[in-house]
Amino acid sequence: MLDLGCGSGAPVVRDLVAAGHHVTGVDISEVQIQQAQKLVPQADFIMADATSVDFPGGSFDAVVSLYALIHIPQDEQLPLLERIATWLRPGGWFLCSTGQHEWTGMDENWLDSGVAMWWSHADADTDRAWITRAGLTVEQEEFAPEGGRRACAVLGTTSAVTEQASGIRQPAGGRANPQRVRPRPGPRTGPIPNVTGGGHT
Ligand SMILES: C[S@@+](CC[C@H](N)C(=O)[O-])C[C@H]1O[C@@H](n2cnc3c(N)ncnc32)[C@H](O)[C@@H]1O
């Protein structure tokens, strides 16, 4: 499995390894990669930009990218999604967090940390269209309000699960109910995997 934008490797890479999977984590941050290597020595980690890293076609049973696509410039997200689709084996799965509402901008004092954080995400409809255009079929999606426990979403080819994770700039009373999307006709090779997140939001 591949975790794109894996951060420190906890909890996602750690939990996937504990579940018996061989996991490769990719992150652009050297500090995060060093931390991940310490926390999950059983996994492989690559310090790289997700928008330029490459893997052979059909390399992965599943790709996860949680709370990471939303930090990549919007105009680079569709090309990345198209490449992710090629990295998946037929019938593989993709799980990602997307934005709920379009927004690109900076929070100068993220979570009162004194650290600035930058986001760039489309709205859920656009993300769904991009994922579909990339060749994946959205199997399941859910809205996960930030600050609450992370909900699971599944999209996919190949198959994908999405999670509109960003409550940033979300209007009051924003869409809070899970949505399900009719799968694109085609063979399913297995059940939707248990991909519940680790609840670190
Ligand atoms: C909010 S953290 C999420 C980390 C992890 N996926 C999780 O859910 O705990 C976002 C991560 O994406 C990484 N990231 C941001 N832009 C990236 C890029 N272009 N390529 C690879 N990683 C990136 C950051 O370094 C950071 O570790």
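Residues numbered from 1 in each chain as written. Predicted model: local features only at pLDDT ≥ 70, side-chain atom pairs only at ≥ 80, totals over all residues. Heavy atoms only, no water.

Draft legend 1. Fine view of the packing of helix H3 (residues 77-87) against helix H4 (residues 124-133). Two elements in contact, H3 and H4, have axes whose closest approach is 8 Å; the angle formed by their N-to-C orientations is 40°. One way to sum up the angle between H3 and H4 is to call them oblique. Handedness of the crossing formed by H3 with H4: right-handed. Residue-level inspection shows Gln77, Leu78, Leu81 and Glu82 of H3 in contact with H4, the latter providing Asp127, Trp130, Ile131 and Arg133. In the contact of H3 with H4, the residues fall into four nonpolar, one polar and three charged. (Axes fitted to C-alpha atoms, helices over the stretch in contact; angles between N-to-C directions. Helix = DSSP H or I, 4+ residues; strand = E, 2+ residues; numbered from the N terminus. Parallel < 35°, antiparallel > 145°, perpendicular 65-115°, else oblique. Left-handed = near helix turned anticlockwise from the far one by under 90°. Contact = heavy atoms within 4.5 Å. Nonpolar A, V, L, I, M, F, W, Y, C, P; charged D, E, K, R; others polar.)

Draft legend 2. Region of the structure containing the pairing of strand S2 (residues 24-27). Of the two faces of S2, both are covered, the one formed by Thr24 and Val26 as well as the one formed by Gly25 and Asp27. Here three bridges tie strand S1 (residues 2-4) to S2, and the two strands are oriented parallel to one another. Bridging from a neighbouring strand, leucine 2 pairs with threonine 24 of S2. By the bridge criterion, four bridges tie S2 to strand S3 (residues 44-47) in an arrangement that is parallel. Note on S3: the bridge partner recorded for threonine 24 is aspartate 44. Taken together, S2, helix H2 (residues 30-39) and S3 form a β-α-β motif whose crossover is right-handed. (Buried < 20%, exposed > 50% of the residue type's maximum accessible area, 1.4 Å probe, protein only. Pairing = 2+ DSSP bridges. Right-handed = clockwise from strand over helix to strand, strands pointing away.)

Taken by themselves, the reported measurements are silent on function.
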